[in-house]
Amino acid sequence: QVQLVESGGGLVQAGGSLRLSCAASGRMSSTYVMGWFRQAPGKEREFVGCISRSGGSTNYADSVKGRFTISRDNAKNTVYLQMNSLKPEDTAVYYCAANREGYSNYVAEYDYWGQGTQVTVSS
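Right, let's walk through the structure included here. (Residues numbered from 1 in each chain as written. Predicted model: local features only at pLDDT ≥ 70, side-chain atom pairs only at ≥ 80, totals over all residues. Heavy atoms only, no water.)

### Focus on the nonpolar core
As a reminder of what qualifies: Only buried Ala, Val, Leu, Ile, Met, Phe, Trp, Tyr and Cys residues count toward a nonpolar core, and they belong to the same one when joined by side-chain atoms within 4.5 Å. Exposed residues in this analysis have more than 50% of their type's maximum accessible area, buried residues have under 20%, and partly exposed residues fall in between, with area computed by a 1.4 Å probe over protein chains only. Only DSSP runs of H or I covering at least 4 residues are called helices, and only runs of E covering at least 2 are called strands; the numbering of each starts at the N terminus. In what follows, residue pairs with any heavy atoms lying within 4.5 Å of each other are defined as contacts.
Judged by nonpolar contacts, the single largest core of 34 residues is most densely connected at L4, M34, W36, F68, L81, M83 and Y94. Among the secondary structure elements, those contributing two or more residues to this core are strand 3 (18–24), strand 4 (33–39), strand 5 (46–51), strand 7 (68–73), strand 8 (78–83), strand 9 (92–99) and strand 11 (117–122). Looking at this core, the element that brings in the most residues is strand 9, giving five residues. Aside from chain neighbours lying at most four places away, what touches F68 is R38, V48, Y60, L81, Q82, M83, N84, L86, D90 and Y94.

### A look at the packing of aromatic side chains
Condition: For Phe, Tyr and Trp, where Trp contributes only its six-membered ring, two rings pair if their centres lie within 6.5 Å, and the inter-plane angle classes them as stacked under 30 degrees, edge-to-face over 60, or tilted in between. We count a charge as sitting over a ring when the NZ of a lysine or the CZ of an arginine lies within 6 Å of the ring centre and within 35 degrees of the ring normal.
The final tally for this structure, using the stated rule, is six aromatic pairs. With centroids separated by 5.7 Å and ring planes inclined at 75 degrees, the aromatic side chains of F37 and F47 adopt a geometry described as edge-to-face. A residue pair is termed long-range when its members are at least 10 positions apart, and F37 in strand 4 and F47 in strand 5 qualify at 10 residues. As far as the burial class goes, F37 and F47 line up, both buried. Members of the aromatic cluster, each reached through a chain of ring pairs, are F37, F47, Y95, Y110 and W113. Above the ring of Y95, the side-chain terminus of R45 is found at 3.7 Å from the ring centroid. Over the ring of W113 we find R45, and its NZ or CZ is 4.9 Å from the ring centre.

None of this, on its own, says anything about what the molecule does.
Next comes the structure, spelled out in structure tokens:
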């Protein structure tokens, strides 16, 4: 069982930056691909990006490519989402998730989820 806890959300003006953290209980290294998702009010949860077990590879949704960066520190059991050049449309609850099988953009393929952290971008 893996427990995930996100932090770092908040209110920021458009063009600003935030860094989200996702702390995992238990061992993350070489075990789980980690993903970030977000869900805006009235919308389905959507893929933001994911990072390989070693941290050597990442994949991003087109909507955040070039603005968001995912990294991980397996020694600290923590995954990060650096968000730059934020836009009002980035406003959502952001979730981290763990996937035992591998790279995936799909919500249903992730095994463990955090409780989410709210990010609000004002115009």
